[in-house]
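A structural walkthrough
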Amino acid sequence: MAGDDFTNVVDSTVNDDGFIGLDDEDLAIIEQAEGDSNKVVTRTPQKPYQLGYISVFSIIINKMIGTGIFDNPSTIMHDTRSVGYTLIFWLLGSLATMAGTFVFIEYGLTIPRWEINGRKVFTPRSGGEFNYLNYLVKKPKFLASCMFGIAFILIGNASANALSFASHVLAAAGKSRIYDDSPPADLANLARVIAIATMTGVCFLHGIWRKLGIAINNLFALFKILILLLVIILGFVSIGGTVFGTQSPAGDNFAPNKSFKNAQDQPYGFAQAYLSVVFAFGGFNQANYVLGEIREPRRIYKSATLLAVGTVCVLYMLANIAYMIVVPANIQLQGNVVESFIKLTLGRVSNYGQTHASEILHAFMAVSSLGNVIVSTYTAARVKQEIAKEGILPFSRLIARNYDALTRLSSLFHRRSHQATNKSGYPVDGQPIHHHEKTPLGALLVHWFFALLIILCTWGVTSPQTAYGIVFGIYSYTIDAFMSVAIGVGLLYLRFFSSRTHWNLKSPASHWLSISSASLFVIANLFPIVTLLVPPGKQFKSGYPWWLVPVISLILLVGGAVYWLVFVGVVPKLGGKRGMELKVERTPFFHEESGGELVQIAEVVAYDWVIKN
């Protein structure tokens, strides 16, 4: 279980080629475990395949830069009706995001902990909030695992982004009616078919070829940065009004006596604006989901995460300033901010930019959505694998394992040259095996199945865009907001009760930075939880009932608790498990890096139903 684990571990070695090896005693344990149906063996990717600085940076960039920076400026401006308040909300969103980043970095560099040679040490592990909630809530046993795990299994997938990608692709192709309140049935059906095909293709990619999936993710991150840099450059060169031949409204938009004039007088409008900002910054915690796959995690993880999140915050602020430099406030209130931006910049130098501004905008958002599908599928599968390792799911052993799917697939077409190996897959002569990296294929299949199920369940919703809003809202409310409040409050508890938890001795973070970051993070996420429970005014309408997202989210959380009750209260009374309880023992194997820090390179997970004490 997560938390202060205690185990006997043994050192491992690394050869000159950078491949991690295990001594004979370790290999014997692993070989025995691989032959035991009640155990699962997983290994960290070999060093050449581990996530480096660029990949960690790109994972966060690709997840954070979504459609929000292109779509939400219009929503926020309509909700606040003020340039000044719009920019203030984007600044507040940046501050809350940086606070959340510090919270996740502190957790990521502190737990889980193991006792080795009489001292407790931290070693990186994938899984994100799943690990941290298990650390915070050790009793009742499996409660935290079930409440987070079941919700994440059900909705922690890329179905919302797949629906978004499908809608934007069709709109970019000129099928703008896909955004009607009641689009043609054949168009709505086509969008869902595209969404299903997208999810299938991305899961297949990550399932058979891990390295290619990472490379594609990195390319999408670069492309997204270039898009935002283009927006920023176009905006700032417009200040003088000579490049595109139009007078810049920057003087009026940024004037203090005008930028706050005629602002929204309904609190709900400001609440909705803030929600749009918070959701646009989502994804800063993605490196925590794959922390166990990062090369030299203590060195790379923190710096790459801070650089990536800081980059997005700066780009978002500059992009919004660019919008305000180009688009007058009255035009922003009448239509789409970014579409107007394209018409007033690219549209002045090309007739295509003027007549096809909407298609260009949707093409940008289609790229952003597809990038999110790619990165979310990769990271979420690792979290689901960790959930399965806790033994709470049906077929946990199958879901928790890694599989060399590409090698098996390629063997159907040609014979492979085999090198003598032991049962664990390591060479008997100590030399590395040149094979494809294993992937969590079982977790990816679970990811794909529930994404497909959610997309099919939205078929009764007329508009795919409305379906996207519902699915995305449920995930954001349950995972992004509620779970973030839980780990934020947990960190405050660990800090304020340090005499009991000894957190100040365990955590490398500054005491006051930790407290201030956790406090701001809790407030920032508690706000949308409470706000969405309040009925909106008549002028704030959506394509679905206002209560739908929070109610379904709460049902998911309660469902996780009910699942736990059945798992610990009913299952042990059935069949051969009568009077027994599940015992999960995780045995790690470590490698000592050049700096003396330990990194987990393999793990044996044993599942046993034992007589309850």
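For the structure, see preceding data.
Throughout what follows, the structure given in this document is the object of discussion. (Residues numbered from 1 in each chain as written. Predicted model: local features only at pLDDT ≥ 70, side-chain atom pairs only at ≥ 80, totals over all residues. Heavy atoms only, no water.)

**Here we look at the side chain of Thr377**
With respect to the helices, strands and loops of the structure, Thr377 is situated in helix H19 (residues 357-389). In terms of polar contacts, Thr377 uses its side chain to reach the backbone carbonyl oxygen of Val373, at 2.8 Å. Within the structure, the side chain of Thr377 is placed 3.3 Å from the side chain of His447, a separation counted as a polar contact. Here Thr377 is in contact with Ala158, Met199, Val202, Cys203, His206, Leu444 and His447, once residues within four sequence places are set aside. (Helix = DSSP H or I, 4+ residues; strand = E, 2+ residues; numbered from the N terminus. Polar contact = N/O pair within 3.5 Å; in protein donor to acceptor, adjacent residues only side chain to side chain. Contact = heavy atoms within 4.5 Å.)

**A look at unusual backbone geometry**
Residues Ile111 and Pro112 are joined by a peptide bond in cis, for which omega reads 0 degrees. By the secondary structure assignment, Pro112 is in the loop between helix H4 (83-108) and strand S5 (113-116). The residue after Lys139, namely Pro140, is reached through a cis peptide bond having omega 0 degrees. Within the secondary structure, Pro140 is located in the loop between helix H5 (129-136) and helix H6 (143-155). Positive phi values are uncommon outside glycine, yet Phe142 reaches one of about 75 degrees. Residue placement: Phe142 occurs in the loop between H5 and H6.

**Digging into helix H27 (residues 548-569)**
Over its 22 residues, H27 extends 31 Å from the first C-alpha to the last, a length consistent with the 32 Å expected when each residue adds 1.5 Å. The set of residues buried in H27 consists of Leu548, Val549, Pro550, Ser553, Leu556, Leu557, Gly560, Trp564 and Phe567. Lining the buried residues of H27 we find H6, helix H23 (464-496) and strand S7 (580-592). (Expected span 1.5 Å × (residues − 1). Buried < 20%, exposed > 50% of the residue type's maximum accessible area, 1.4 Å probe, protein only.)

**A word on the pattern of salt bridges**
Where side chains of opposite charge bring their charged atoms close, a pairing between them can arise. Per the counting criterion, the structure on display carries 13 salt bridges. Between Arg125 and Glu603 there is a salt bridge, with the nearest N and O atoms lying 3.6 Å from each other. One end of the pair, Arg125, is in the loop between strand S6 (119-122) and H5; the other, Glu603, is in strand S8 (residues 598-611), and 478 residues separate them in sequence. On the basis of relative accessible area, Arg125 is assigned to the buried category, the value being 4%. The exposure class assigned to Glu603 is buried, which follows from its relative accessible area of 1%. Here Glu293 and Arg382 are joined by a salt bridge, their closest N and O atoms 2.8 Å apart. Placement of Glu293 in the loop between helix H13 (286-289) and helix H14 (297-326) and of Arg382 in helix H19 is noted, with a sequence separation of 89 residues between them. A single burial state applies to Glu293 and to Arg382, both of which are buried. Through salt bridges with shared partners, a single network forms among Arg125, Glu386, Lys389, Glu390, Arg586 and Glu603. (Salt bridge = Lys/Arg side-chain N within 4 Å of Asp/Glu carboxyl O.)

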